[in-house]
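Residue strings, one per chain:
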Amino acid sequence: QVPLVESGGGLVQAGGSLRLSCAVPRSTFGIYTMGWYRQPPGKQRDLVAQITTGGRTNYADSVKGRFTISRDNAKKTVSLQMNSLQPDDTAVYYCNTYPFRAYSWGQGTQVTVSS
C-alpha cells in the first residue's frame, strides 16, 4: 500500500509555528477518526490531537490552546497547525487513525524546537 506521508516539519525557535500535513491515500479515510501522534527522542509515541469524521476535535493537555488539527475529507489530508512551539514539542510527528491503528505508520516528520 502507498504509505502515509507526513510533511512540514523542521527546525524552529521557541515561540515559532509550523504546519504539518499528512496525505492519507486510502479509500477508507472518510470513515475514521484521525490523529496526530508524536514520539520524542527515547520516549513512547503518544497522541496529541484527534479529529472525528465530523470535525470534532480533542487535544492532549500539553498542546491545548497551541495546536489545531483539521482535516479535508475530499483531499484525504489531515493537518496540524502548531503555534507557540516549545522545546518539549521536539519529536517525530506521525498521523494515523484513532483509537486503533488502521494503517501502517509512515516515516513521520521531524520537528525540532530550539530554545
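What counts, and at which threshold
Residues numbered from 1 in each chain as written. Predicted model: local features only at pLDDT ≥ 70, side-chain atom pairs only at ≥ 80, totals over all residues. Heavy atoms only, no water. Helix = DSSP H or I, 4+ residues; strand = E, 2+ residues; numbered from the N terminus. Rg over C-alpha atoms; globule rule 2.2 N^0.38 Å. Buried < 20%, exposed > 50% of the residue type's maximum accessible area, 1.4 Å probe, protein only. Polar contact = N/O pair within 3.5 Å; in protein donor to acceptor, adjacent residues only side chain to side chain. Phe/Tyr/Trp six-rings, centres within 6.5 Å; stacked < 30°, edge-to-face > 60°. Lys NZ or Arg CZ within 6 Å of the ring centre and 35° of its normal.

Q: What should I look at first to understand the overall build of the protein chain in this one?
A: Of regular secondary structure, the protein chain possesses 0 helices and 10 strands. In the protein chain, the succession of α and β elements from N to C terminus is β-β-β-β-β-β-β-β-β-β. Its C-alpha atoms give the protein chain a radius of gyration of 13 Å, within 12% of the compact-globule value 13 Å for 115 residues. Counting only C-alpha atoms and orienting by the principal axes, one finds that the protein chain spans roughly 40 × 25 × 25 Å. Split into buried and exposed, the 115 residues of the protein chain put 43% on the buried side.

Q: Explain the side chain of Thr-97 here, please?
A: Along the chain, the position of Thr-97 falls in strand 9 (residues 91–98). There is a polar contact of 3.4 Å between the side chain of Thr-97 and the side chain of Asn-96.

Q: Would you mind showing me how to read the packing of aromatic side chains here?
A: Describing an aromatic ring pair means giving the distance of the ring centres and the angle of the ring planes. What the rule picks out here adds up to 4 aromatic pairs. Judged by centre distance (5.6 Å) and plane angle (85°), the rings of Tyr-32 and Phe-100 are edge-to-face. You can see Tyr-32 sitting in the loop between strand 3 (18–23) and strand 4 (33–39) and its partner Phe-100 sitting in the loop between strand 9 and strand 10 (109–114), a full 68 residues away along the chain. For Phe-100, a relative accessible area of 48% gives the class partly exposed. Between the aromatic rings of Tyr-94 and Trp-105, the centroid separation amounts to 5.7 Å while the plane-to-plane angle is 70°, which identifies the pairing as edge-to-face. Here Tyr-94, found in strand 9, pairs with Trp-105, found in the loop between strand 9 and strand 10; they are 11 residues apart in sequence, far enough to count as distant. Accessibility expressed as a relative area gives 30% for Trp-105, which makes it partly exposed. Of note, Arg-26 hangs over the ring of Tyr-103, and the distance from its end group to the ring centre comes to 5.3 Å.

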